[in-house]
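Structural overview for review
These are the residues of each chain, in order.
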Amino acid sequence: MKEEKEQVVKKELTYIEKVWHTVAIVALLVSVILIARVAFNILLMVLAGSLISVYFHGLGDVIERKTKLSRKWAMTISVTLSFVILGLLLWFMGSTIQVQVAELSNTLPHTVNVFKEKLGESTIGQKILDNFSDGNTTNLTHTIQAFFSTSFGVIGDIYIIAFLGIFFTSNPDSYKKGILLLVPKSRKELSKHIMDRISLALKGWLKSMMVSIVLITILIATSLSIISIPMAMVLGLIAGSLKLIPNLGSLLAMIPGVLLALTISTNTAIIVAIIYIVSQTIVSNIITPLIQKKMIDLPPALTLISQLIMGVLSGALGIILAVPLLSIIIILVDELYVKKINEA
């Protein structure tokens, strides 16, 4: 009898221990999720800094390959050349851009009013305007402000991302070794392979984005200048910058150009819309696929879903980094799960 009682006590203790273990695991998971939610924007800034480092190293690879210089000199030239080119662009184009930005800011309210007047001429347009009551407009304003809000302010985030990029560029091996130290010996080769795949995917995305931004900016600015649309350079820069946001960026970039063209005439607005559509189509469907051969083929629906989720979680920065983050997740799932179940 005594032995049976002792066994029952042991079973009860074991059950209690299991309950506490379960509670502890759940509490730990909740804590990790809460910390990750709070620190998610920080993790995105780390990813953005990593992309800057990938850019510098990618350009350094090209310089090293073409000039046969040492890695140290190639990286020095890569960083210096990038800042020199950026400085020269700001020097030669800064004053023009500043004037056009100020002009666009002053013109935009009048442009919106003209758009409202033209929209109100039709029955459907009047119904659309009625739906945008003062309350809806206020809610929309708050939504936009929340969307573009950042952890440390826009300028603060830019400084943090820039410094992270420089730190990652100066000594990337130490960070890679630090990650590998956390991995068991049996998994080190797999971890190196995964990091190489991720690096290759990020390089492909970054290269395609840079080429797309430059081409869209030139195409839009040149085309709008030819048909005498004011502030063409700024509209081109807006279109190029919004190219960072796949799918949604093209639509958002078209809005200020078409609204501005409406102040001239309806036919001009139609021509401007066609210019945007043709330019975006050429770059997105012809040029970008040729550059993105080394990238993962991401389904458009999955890309859009990831952008919506990241937009809710982290606003503008989340949408911009949704594609590279999705690429990283797909690589991790492929290497750590898909390949294993296919081998089994």
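A short note on unusual backbone geometry
Located in the positive-phi region is K68, a residue other than glycine, with phi close to 65 degrees. Note on placement: K68 falls in the loop between helix 1 (2-67) and helix 2 (71-119).

What about a nonpolar patch on the surface?
Residues F83, L86, L90, Y159, F163, I166, F167 and Y175 make up a contiguous nonpolar surface patch of roughly 850 Å² in combined accessible area. Per-element tally for the nonpolar patch: the top contributor is helix 5 (residues 153-170), with four residues. Within the element layout of this structure, F167 appears in helix 5. On the basis of relative accessible area, F167 is assigned to the partly exposed category, the value being 45%.

Observations concerning a positive patch on the surface
A cluster of basic residues, R65, K66, K68 and K207, forms a positive patch on the protein surface. Mapped onto the fold, K207 is located in helix 7 (residues 188-226).

Quick notes on the pattern of salt bridges
On inspection of all chains with the given rule, the structure shows six salt bridges. The shortest N-O distance in the salt bridge between R197 and E335 comes to 2.8 Å. Of this pair, R197 sits in helix 7 while E335 is found in helix 12 (residues 322-343), placing the two residues 138 residues apart along the sequence. The exposure class of E335 is buried, given its relative accessible area of 5%. Salt bridges sharing partners connect three or more residues here, namely D61, E64, R71 and K203.

Parameters at a glance
- Residues numbered from 1 in each chain as written.
- Predicted model: local features only at pLDDT ≥ 70, side-chain atom pairs only at ≥ 80, totals over all residues.
- Heavy atoms only, no water.
- Helix = DSSP H or I, 4+ residues; strand = E, 2+ residues; numbered from the N terminus.
- Patch = residues over 30% accessible without salt bridge, like charges linked within 9 Å, V, L, I, M, F, W, Y side chains within 5 Å.
- Areas by Shrake-Rupley, 256 points an atom, 1.4 Å probe, with all protein chains shown as cover.
- Salt bridge = Lys/Arg side-chain N within 4 Å of Asp/Glu carboxyl O.
- Buried < 20%, exposed > 50% of the residue type's maximum accessible area, 1.4 Å probe, protein only.
- Lys, Arg positive; Asp, Glu negative; His and termini not counted.
- Charge placed at Lys NZ, Arg CZ, Asp CG, Glu CD.

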